[in-house]
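Breakdown of the fold
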Amino acid sequence: MRVLFVASELFPYVKTGGLGDVMAALPRAMRGLGADVRMLVPAYPAIRDAVLIQEVTASFPDLMGGGPARILKAEAPGLPLYLLDQPTFFDRPGNPYGNPEDLARRFAALAWASAHLGRHGDAEGWWPEVLHGHDWPVGLMPAYVAYGDSPRPATVMTIHNIAFQGRFPASLLQELWLPRHAFTPEGVEFHGDIGFLKAGLRLADRISTVSPTYAREIQQSGGHGLEGLLAHRSQDLWGILNGVDREVWNPAKDPSLLSRYDLKHPARRLPNRQGFQTRMGLQADAEAPLFAAISRLDPLKGLDLVLDNVDHLVARGAQLAILGTGDHHAEEAFRQAAQRHPGRVGVFIGYDEALAHRAFAAADVILVPSRQEPCGLTQLYAQAYGALPLVRRTGGLADTVVGVSPATLADDTATGFTFEAANGWALGEAINAALALFQDPLAWRQMQRRGMKAEFGWEGPARTYFDLYRTISKGH
Ligand code: ADP
Ligand code: GLC
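Thresholds applied
- Residues numbered from 1 in each chain as written.
- Chains lettered and ligands numbered in written order.
- Predicted model: local features only at pLDDT ≥ 70, side-chain atom pairs only at ≥ 80, totals over all residues.
- Heavy atoms only, no water.
- Near = heavy atom within 4 Å.
- Polar contact = N/O pair within 3.5 Å; in protein donor to acceptor, adjacent residues only side chain to side chain.
- Areas by Shrake-Rupley, 256 points an atom, 1.4 Å probe, with all protein chains shown as cover.
- Nonpolar A, V, L, I, M, F, W, Y, C, P; charged D, E, K, R; others polar.
- Domains from an automatic or database assignment.
- Salt bridge = Lys/Arg side-chain N within 4 Å of Asp/Glu carboxyl O.
- Helix = DSSP H or I, 4+ residues; strand = E, 2+ residues; numbered from the N terminus.
- Buried < 20%, exposed > 50% of the residue type's maximum accessible area, 1.4 Å probe, protein only.
- Axes fitted to C-alpha atoms, helices over the stretch in contact; angles between N-to-C directions.
- Parallel < 35°, antiparallel > 145°, perpendicular 65-115°, else oblique.
- Contact = heavy atoms within 4.5 Å.
- 1 Å grid on protein atoms, 1.4 Å probe; cavity = no way out; pocket = protein on both sides within 12 Å on 5 of 7 lines; lining within 4 Å.
- Points joined across faces, edges and corners; volume = space filled by probe spheres on them.
- Phe/Tyr/Trp six-rings, centres within 6.5 Å; stacked < 30°, edge-to-face > 60°.
- Lys NZ or Arg CZ within 6 Å of the ring centre and 35° of its normal.

Attention shifts here to the site of ligand 2. His160, Asn242, Glu373, Cys375 and Gly376 are the nearest of the 13 residues found near ligand 2. In the environment of ligand 2, an oxygen atom lies 2.7 Å from a nitrogen or oxygen atom belonging to the side chain of His160. A distance of 2.5 Å separates an oxygen atom of ligand 2 from a polar atom in the side chain of Glu373. Calculation on ligand 2 without its partners gives an accessible area of 310 Å², and the protein chains cover 93% of this total. Here the residues of the shell around ligand 2 are counted per class, giving 6 nonpolar, 5 polar and 2 charged. Taken together, domain 1 (2–243 + 459–473) and domain 2 (266–453) each give at least three residues to the shell around ligand 2, which thus spans both.

In structure tokens:
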């Protein structure tokens, strides 16, 4: 099976969230099962300078008004890559979603380039049977396939987060190399605009998203305006849970940790806690339950519910650590919380991969109070690292955490703490449940062990993606 992934992020080179992690792990897991999966990404400086470039596979005098472009064949460890090298659009450091003046055109160029590879293959005659696009930036990929010439590869669109859709003015139609007849509700039109994700979901042969519960939610009230379309395509929509990349997220061999540990040596986890407390400006308190959140500060992540509980946590003797960046009001509110509670609340505003690993190895509880969460990875990393997740029961969080209750404690299935209503009071109740269980070290350790033993591997999901491809792959 030959598959071309196309996406805007790839860990460790360019990552703003879970998409980057999944793009690094899933294609490699599929290659491990014998499929020829490759990936097309922009030639961001961070990627271009780090991978081995082999040859030019295609050249274009212009793509989407951004000037000359080339597709380069390259190799990252264990993953063949194609890079879209178009300096005007991609030779820039920083956040891949910045520079709004050409946001639509540069990701359209990426989507168009993937359709080109799908139709013509590379210089060596390799061509994909399936084009697999991820999230709104490449939502036009199925449109370029559908409105272009044959041969047409099969197409899949995966929704990692439906809250981000890529809506742009209809006046861009020509600049995006879309034909006039594409601008209909059956094509790329969305409430008078061009909808990138909408186009992908309308025109791809199959759709997937990153958990079974989110697949249901986005057809009901959680679809951010795309519920109707998704309910209509219900038969073609698969919910496939993400996994954990054990090469990157494994406390037994994590180079970021002060002290590596595993199930057999849980005591070796402790030095990580002390080091992290110091780094975060927290008191070196060996007893206090340590709560942490590692998150984009976006309203959908529900960190305002944590803000509502800061004083409560501190009053109950807990410590709180926040690693995050995003919404400026939330950043400021957390900074103020840290000033109000020196030594008890520690805040790092920014993005720091190594510090995130250290947080998972140090915390007792990882908070994930999301209003919506397609899958969520931090509750999985928490479990792998022996921290207990405390999550709102939504999307992938509901699919991956079994909340403490008399029943789940009795049958030894609990792996964390859950709450339902998206308000500070409900989160406070779950915090109380965690604090109560913290008083029972034996029960706590049992839950830790259950989490550390949990699989959440990529092999199962990778096999399910194959099943999905088999329903559409036709060869050409
Ligand atoms: P999302 O993709 O919606 O942001 P996920 O839970 O799927 O949510 O993935 C978040 C990823 O980003 C995880 O790998 C997490 O560790 C990482 N992350 C989030 N915020 C930070 C931060 N401030 N510093 C370092 N890593 C972060
Ligand atoms: C998105 C979602 C997150 C998911 C990640 C990877 O960013 O917000 O829930 O885990 O993609 O699929």
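Next, the rest of the story.
All right, on to the domain arrangement of the protein then. Here the protein is described as being made up of domain 1 (2–243 + 459–473) and domain 2 (266–453). Placing the centre of domain 1 and that of domain 2 at their C-alpha centroids yields a distance of 33 Å. The interface formed by domain 1 and domain 2 holds 1 salt bridge in total. Lys15 is the partner of Glu353 in a salt bridge, and the nearest nitrogen-oxygen pair spans 3.1 Å. The tally of links between domain 1 and domain 2 comes to 10 residue pairs in polar contact (both at pLDDT 80 or more). When contributions to the side of domain 1 that touches domain 2 are tallied by element, the ones reaching two or more residues are α1 (18–32) and α7 (212–217). Counting residues per element, the side of domain 1 that touches domain 2 draws most heavily on α7, at 4 residues.

Neighbouring ligand 1 are 20 residues, the closest being Gly18, Asp21, Arg296, Lys301 and Leu377. With respect to ligand 1, the backbone of Ser295 contributes an N or O atom lying 3.5 Å from a nitrogen atom. The contact in question runs from an oxygen atom of ligand 1 to an N or O atom on the side chain of Arg296, over 2.7 Å. Here ligand 1 loses 93% of its free accessible area of 570 Å² to cover by the protein chains.

In this structure the tally under the stated criterion is 27 salt bridges. Of the charged contacts in the structure, one is a salt bridge between Glu175 and Arg105, with a shortest N-O distance of 3.8 Å. A residue pair is termed long-range when its members are at least 10 positions apart, and Glu175 in the loop between β8 (167–169) and β9 (189–190) and Arg105 in helix α4 (residues 103–120) qualify at 70 residues. By relative accessible area, Glu175 is classed as partly exposed at 41%. Overall, Arg105 belongs to the buried group, its relative accessible area being 19%. Its salt-bridge partner being Arg206, residue Asp236 comes within 3.5 Å of it at the nearest N-O pair. Remark: Arg206 occurs in strand β11 (residues 206–209) and Asp236 occurs in the loop between α8 (227–232) and β12 (237–239); sequence separation between them is 30 residues. Taking relative accessible area as the criterion, Arg206 reaches 17% and is therefore assigned buried. Salt bridges here are not isolated pairs; linked through shared partners, they connect Arg31, Asp36, Arg38 and Asp122.

Relative orientation and spacing of two packed helices are given, respectively, by the angle between their axes and the distance between those axes. It is at 7 Å that the axes of helix α17 (residues 424–438) and helix α18 (residues 441–453) come closest, and there the two elements cross at 110°. Here α17 is positioned roughly perpendicular relative to α18, judged by the angle of their axes. Taking contact as the criterion, the partners of Ala434, Leu437 and Phe438 in α17 are, on α18, Pro441, Ala443, Trp444 and Met447. Looking at the contact of α17 with α18 residue by residue, the classes come out as 7 nonpolar, no polar and no charged.

Right, let's talk about the layout of surface pockets for a bit. There is about 540 Å³ of room inside the second largest pocket. In terms of lining residues, the second largest pocket is bounded by 20 residues, among which Leu270, Asp364, Trp444, Arg445 and Gln448 are the most central. Looking at the lining of the second largest pocket, the elements with two or more residues in it are α9 (270–279), α13 (353–362) and α18. The greatest single-element share of the lining of the second largest pocket, amounting to 6 residues, is contributed by α18. Among the residues making up the lining of the second largest pocket, the classes are represented as 11 nonpolar, 2 polar and 7 charged.

Moving on, we come to the packing of aromatic side chains. Going through the model one piece at a time under the given rule, you end up with 18 aromatic pairs. Among the aromatic side chains, those forming a connected cluster through ring pairs are Tyr97, Phe107, Trp136, Phe168 and Phe196. Looking at Arg2, its charged tip hangs above the ring of Trp127, at a distance of 4.0 Å from the centre. When the ring centre of Tyr82 is taken as reference, the NZ or CZ atom of Lys73 above it lies at 5.9 Å.

Tallied over the full model, the rule gives 2 cavities of 30 Å³ or more. Its volume calculated, the largest cavity comes out at about 70 Å³. The wall of the largest cavity is formed by Phe11, Asp21, Val22, Ala24, Ala25, Gly243, Asp245, Val248, Trp249, Leu377, Tyr381 and Trp458. Broken down by element, the lining of the largest cavity gets its largest block of residues, 4 residues, from α1. Grouping the constituent residues of the lining of the largest cavity by class yields 9 nonpolar, 1 polar and 2 charged. Reported here for the second largest cavity is a volume of approximately 60 Å³. Here the residues of the lining of the second largest cavity are counted per class, giving 3 nonpolar, 2 polar and 4 charged.

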